[in-house]
Amino acid sequence: MSDVSIEALRRRTFAIISHPDAGKTTLTEKLLLFGGAIQMAGSVKSRKTSRSATSDWMALEKERGISVTSSVMQFPYDGHIVNLLDTPGHADFGEDTYRVLTAVDSALMVIDVAKGVEERTIKLMEVCRLRDTPIMTFINKLDREGRDPIELLDEVESVLGIQCAPITWPIGMGKRLKGVVHLVSGEVHLYEQGRNFTRQDSTIFKSIDDPALEAAIGAATLAELRDELELVQGASHPFDIGKYLAGEQTPVFFGSAVNNFGVQLLLDFFVRHAPSPRPRATTSREVAPTEDKLTGFVFKIQANMDPQHRDRVAFMRICSGKFEAGMKAFHVRSGKDMKLANALTFMASDREIAETAYSGDVIGIHNHGTISIGDTFTEGEKLSFTGIPNFAPELFRRARLRDPLKLKQLQKGLAQLSEEGATQFFRPLMSNDLILGAVGVLQFDVVAYRLKDEYGVDAIFEPVTIATARWVRCGNEKKLDEFRDKNAVNLAIDAAGELVYLAPTRVNLQLASERSPDVEFLATREHA
Ligand code: G4P
């Protein structure tokens with residue numbers, strides 16, 4: 001086997017999905033601990049103050065060092081290389097979250113034992129569904145009183161529509177938490193308060209029939225456990241790797257992230273069964289991760305630490321081949337070769353200059369706005385990865401300047417910030433308005449703040465009567481021209497130069513599409 005194949009097969013690239021407060025940050029820390037990146041734990045923690053409040057989020061964004069570094073965390077574990085991609089933590093569910101999920105091969109869902117399936121989890125799960133992403137589940141905070149485990153599995157099955165296959169099962173909960181049973185190996189792992197902080201997880205018994213176990217947890221608890229296990233085995237599904245990989249079944253683990261209990265069992269199972277990089281669709285063919293030639297796509301753009309330099313980091317998910325520091329790659333959209341100098345890799349312990357990277361890995365490429373979200377890089381082949389869409393925004397505002405002389409800076413700022421993908425920028429054909437669209441309302445505050453901070457522009461965003469946007473496409477040039485003439489007042493050009501219909505109301509949109517049956521109105525735009 002080539003080294004490209006060997007390296008690709010040992011990669012595990014995933015993201016954690018959860019409702020805020022379920023324990024994503026804490027679990028991330030513990031996973032890094034097992035990966036030997038103990039130092040990192042501190043900086044992951046420091047992000048959490050940012051969770052919801054707008055002002056906190058901005059203050060945090062200023063420390064972009066942290067957010068760039070923790071966007072991707074790579075650590076070795078048990079012969080594998082694990083890449084954990086962070087999903088943005090703020091309350092707004094944005095396109096950026098969606099696109100991170102296009103760059104992973106599997107996901108880990110964290111659920112609070114007391115709260116069960118929450119709203120944000122449902123939304124993220126829907127996104128995973130779109131690509132049949134395999135999902136493992138960790139039910140967290142077992143050290144607290146929570147809901148009945150069987151009831152929780154029922155809830156996951158009915159609300160999220162995915163079969164549950166418990167891999168570990170809790171022995172008690174809250175103050176009565178004694179440990180977990182591994183349903184596949186039969187081992188029992190004890191929970192010992194104050195002990196589960198190190199890499200070594202816990203005291204282990206070979207099976208529930210081990211005589212020493214009765215002494216450790218008591219005869220009554222053991223009897224109860226036996227009854228419960230019988231019930232569980234009757235009521236739940238055995239683990240089926242095929243169903244898991246197809247996104248139809250989720251293996252379920254119980255534990256307590258903050259006490260580092262049950263985490264190693266999860267991680268061991270994860271590296272063993274979670275998928276290595278999978279083949280990816282492009283405009284012309286499917287690309288296998290084991291191919292020799294480098295390919296990859298950009299799923300995220302982030303302004304770099306120093307706002308003065310307008311330097312951006314484009315995050316590229318590698319889909320095949322081998323990246324080597326300083327190599328040239330073909331930027332398909334522009335048709336030009338680009339030197340990938342000073343690319344970053346994301347070892348959890350520190351940001352480093354990338355020497356090599358393989359399928360499943362993410363590298364960060366410095367650029368000044370030449371690279372956009374959705375761009376493909378190859379070693380010369382003209383193909384583009386598909387499935388990294390822009391969504392039609394649902395909220396719109398008109399940008400207004402306090403100082404009219406700063407118009408040029410405003411235009412530039414809006415265009416550049418929209419390249420990062422969280423907002424979209426439209427210029428109507430018939431007016432000089434600058435319209436900003438976003439999926440979440442927080443984005444407008446962020447843009448206003450950054451315009452001031454990075455571009456020295458004082459802008460406010462005022463309401464505008466636009467209900468929704470649709471990208472317009474038509475195979476027939478003549479019909480398109482006709483359409484453009486008739487509907488010019490509602491048409492605009494987006495930052496990529498594409499024609500967009502900005503509908504004042506949903507009814508208007510419906511009428512417009514009925515009147516022009518040859519024109520397509522698209523709710524997403526694939527990056528060309
Ligand atoms: P998030 O990233 O998903 O938003 O959650 P995060 O890890 O920040 O955890 C949210 C809160 O839940 C934190 O408490 C954290 O300590 C706590 N937590 C995480 N795992 C467990 C667990 O296994 N058991 C218990 N009992 N609590 C857990 P906090 O009060 O917000 O912060 P802190 O001051 O305790 O750090």
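Preceding this section is the structure that the text describes.
Residues numbered from 1 in each chain as written. Predicted model: local features only at pLDDT ≥ 70, side-chain atom pairs only at ≥ 80, totals over all residues. Heavy atoms only, no water.

**Q** I would appreciate a short explanation of the pairing of strand 17 (residues 328–331) in the present structure.
**A** Within a regular strand, the side chains alternate between the two sheet faces. Relative to strand 18 (residues 336–339), strand 17 runs antiparallel, the two being bridged by 4 bridges. Each residue of the ladder has a partner; that of His331, found in strand 18, is Lys336. Between strand 17 and strand 18, which pair antiparallel and follow one another directly, the connecting turn spans 4 residues, one of which, Gly335, has a positive phi of 75°. For strand 17 and strand 23 (residues 376–378), the ladder comprises 2 bridges, and the chain directions are antiparallel. From the neighbouring strand, His331 faces strand 23, where its bridge partner is Phe377. (Pairing = 2+ DSSP bridges. Helix = DSSP H or I, 4+ residues; strand = E, 2+ residues; numbered from the N terminus.)

**Q** Please clarify how the environment of Leu417 should be interpreted in this entry.
**A** Summarising the element assignment, Leu417 is placed in helix 13 (residues 407–419). Sequence separation between Leu417 and Arg450 is 33 residues, and the spatial gap between their C-alpha atoms is 8.5 Å. Filtering out sequence-adjacent residues up to four positions away, Leu417 remains in contact with Arg312, Thr423, Val447, Arg450, Leu451, Glu454 and Tyr455. (Contact = heavy atoms within 4.5 Å.)

**Q** I would appreciate a short explanation of the packing of helix 13 against helix 14 (residues 442–455) in the present structure.
**A** A packed helix pair is summarised by two numbers, namely the angle formed by the two axes and the spacing between the axes. With their axes 10 Å apart at the nearest point, helix 13 and helix 14 run at an angle of 120° to one another. Between helix 13 and helix 14, the crossing angle belongs to the class labelled oblique. Classified by chirality, the crossing of helix 14 by helix 13 is right-handed. Residues Gln409, Leu410, Lys412, Gly413, Leu414, Gln416 and Leu417 of helix 13 touch helix 14, and the partners they reach there are Val447, Arg450, Leu451, Glu454 and Tyr455. Within the contact of helix 13 with helix 14, the residues separate by chemical class into 6 nonpolar, 3 polar and 3 charged. (Axes fitted to C-alpha atoms, helices over the stretch in contact; angles between N-to-C directions. Parallel < 35°, antiparallel > 145°, perpendicular 65-115°, else oblique. Left-handed = near helix turned anticlockwise from the far one by under 90°. Nonpolar A, V, L, I, M, F, W, Y, C, P; charged D, E, K, R; others polar.)

**Q** Explain the site of the ligand to me, please; I cannot follow it from the model alone.
**A** The local shell around the ligand holds 19 residues, among which Asp21, Thr25, Thr26, Asp143 and Ser256 are the closest. Between the ligand and Ala22 there is a distance of 3.4 Å, counted from an oxygen atom to a backbone nitrogen or oxygen. At a separation of 2.7 Å, a nitrogen atom of the ligand approaches a polar side-chain atom of Asp143. Isolated, the ligand exposes 700 Å² of accessible area, and the fraction of that covered by the protein chains is 74%. Here the shell around the ligand is composed, by residue class, of 4 nonpolar, 7 polar and 8 charged. (Near = heavy atom within 4 Å. Polar contact = N/O pair within 3.5 Å; in protein donor to acceptor, adjacent residues only side chain to side chain. Areas by Shrake-Rupley, 256 points an atom, 1.4 Å probe, with all protein chains shown as cover.)

**Q** Help me out: how do you make sense of the pattern of salt bridges in this one?
**A** Applying the stated criterion across every chain yields a total of 26 salt bridges. In this structure, Asp361 and Arg11 form a salt bridge, with 2.8 Å as the shortest nitrogen-oxygen distance. Of this pair, Asp361 sits in the loop between strand 21 (356–358) and strand 22 (362–367) while Arg11 sits in strand 1 (residues 11–18); the two residues are 350 residues apart in sequence, bridging distant segments of the chain. Its relative accessible area of 5% is what places Arg11 among the buried residues. In this structure, Lys24 and Asp86 form a salt bridge, with 3.5 Å as the shortest nitrogen-oxygen distance. Of this pair, Lys24 sits in helix 2 (residues 24–34) while Asp86 sits in the loop between strand 3 (80–85) and helix 6 (95–102), placing them 62 residues apart in sequence. With a relative accessible area of 15%, Lys24 lands in the buried category. Note on Asp86: relative accessible area 15%, which makes it buried. The network of salt bridges with common partners includes Glu7, Arg10, Arg11 and Asp361. (Salt bridge = Lys/Arg side-chain N within 4 Å of Asp/Glu carboxyl O. Buried < 20%, exposed > 50% of the residue type's maximum accessible area, 1.4 Å probe, protein only.)

Without other data, these values stay purely geometric and don't point to any function.
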